[in-house]
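# Structural characterization, general
If you want the building blocks of each chain, they are given just below.
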Amino acid sequence: SDWSQATLTPEQIEYAQVDAAVLPALWEELQERLELSDFEGIDGELHSLWESYLLLAPLSSVVAHVELNGIPWDREHHHGLLSRLEEHLPEAESALREHVGDIKLNSPKQIAGWLEEHLPAEVLDAMPRTPGGQVSTGKNAMAQLPDLPLVQPLKDYSKLNKALGALEKGGQFY
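A word on the overall build of the protein. Broken down by element type, the protein carries seven helices and zero strands. Starting at the N terminus and ending at the C terminus, the protein contains elements arranged as α-α-α-α-α-α-α. Counting across all 174 residues of the protein, residues that qualify as buried make up 28%.

Rendered as structure tokens:
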């Protein structure tokens, strides 16, 4: 059916009502399952997509509501925001590279490898691990290392990179 029409059919409205009633409960169940796995041990791209989704999920209903009420997505503003974020990425990358050198910054496996090589054994022993035994690089694990100079640049870079990924992927539909 054509959901781009100004007036929806009664069947479309009923379908949307069922979605609105069922999806929140389904989301809660899936989110619990996904948070339990914390996506550790899964390749960096899938992990980044999940993190991007988590950043955008709260906005999806807002965007849908706004557009359904006749207010279009502001592509110019969206692209301006992308540009401003992209300006800060090289600085964040440089700050992180001062600590980790020439590794793939979006790779939890390579970040974990760096941690394994550079942290004292007593710190590593206390850190959570993935099911495969790799040091966890998730935000909860990094929160256990507040005094490590690497942590803030890693948080800054990750947050900026995830926001950019989310906006780039999210913006292609508008």
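With that settled, consider the environment of isoleucine 111. By the secondary structure assignment, isoleucine 111 is in helix H4 (residues 108-118). In the structure, isoleucine 111 is positioned 43 residues away from leucine 154 in sequence and 9.4 Å away in space, judged by C-alpha atoms. Excluding residues within four positions of it along the chain, isoleucine 111 makes contact with Ile103, Leu105, Thr137 and Leu154.

Before going further, it helps to examine the pattern of salt bridges. Following the criterion strictly, the structure yields three salt bridges and no others. Two residues, glutamate 93 and arginine 97, come together in a salt bridge whose shortest N-O distance is 3.2 Å. Taken together, the residues span about one helical turn, with glutamate 93 and arginine 97 both in helix H3 (residues 75-100) at a distance of four residues. Between aspartate 102 and arginine 97 there is a salt bridge, with its nearest N and O atoms 4.0 Å apart. When salt bridges that share partners are traced, they join Glu93, Arg97 and Asp102 into one network.

One pass over the full model with this rule turns up one aromatic pair. Arranged with centres 6.1 Å apart and planes meeting at 55°, the rings of tryptophan 3 and tyrosine 15 form a pair that is tilted. Here tryptophan 3 is found in the segment before helix H1 (10-37), whereas its partner tyrosine 15 is found in helix H1, with twelve residues between them in sequence.

In low-pLDDT segments, the atomic positions of the prediction should not be examined closely. When pLDDT is averaged along the protein, the result is 78; 76% of the residues meet or exceed 70. Looking over the protein, one finds the lowest element-wise mean pLDDT in helix H2 (residues 44-68), namely 67, and the highest in H4, namely 91. Every residue in residues 170-174 scores below 50 in pLDDT, and together they form seven contacts with partners more than four places removed in sequence or on other chains.

In this model, H3 (26 residues) spans 36 Å end to end at C-alpha, consistent with the 38 Å of a helix rising 1.5 Å per residue. Its axis deflected by about 25° at leucine 89, H3 carries its strongest bend there, up to four residues before the proline proline 90. The set of residues buried in H3 consists of His78, Leu82, Leu85, Leu89, Ala92, Leu96 and Val100. Within two residues after H3, glycine 101 carries a phi angle of roughly 75°, on the positive side.

Attention shifts here to the nonpolar core. Counting 26 residues, the largest nonpolar core has Leu96, Val100, Leu115, Met127, Met142 and Leu150 as its most contacted members. For this core, the secondary-structure elements that each account for two or more residues are H3, H4, helix H6 (139-143) and helix H7 (151-171).

Before going further, it helps to spend a moment on the side chain of serine 107. Inspection of the secondary structure puts serine 107 in the loop between H3 and H4. Overall, serine 107 belongs to the buried group, its relative accessible area being 13%. Of the polar contacts made by the side chain of serine 107, one reaches the backbone nitrogen of glutamine 110; its length is 3.1 Å.

Calculation criteria
Residues numbered from 1 in each chain as written. Predicted model: local features only at pLDDT ≥ 70, side-chain atom pairs only at ≥ 80, totals over all residues. Heavy atoms only, no water. Helix = DSSP H or I, 4+ residues; strand = E, 2+ residues; numbered from the N terminus. Buried < 20%, exposed > 50% of the residue type's maximum accessible area, 1.4 Å probe, protein only. Contact = heavy atoms within 4.5 Å. Salt bridge = Lys/Arg side-chain N within 4 Å of Asp/Glu carboxyl O. Phe/Tyr/Trp six-rings, centres within 6.5 Å; stacked < 30°, edge-to-face > 60°. pLDDT = per-residue confidence, 0-100. Expected span 1.5 Å × (residues − 1). Bend = angle between axes of the 7 residues up to and from the residue. Core = buried A, V, L, I, M, F, W, Y, C linked by side-chain atoms within 4.5 Å. Polar contact = N/O pair within 3.5 Å; in protein donor to acceptor, adjacent residues only side chain to side chain.

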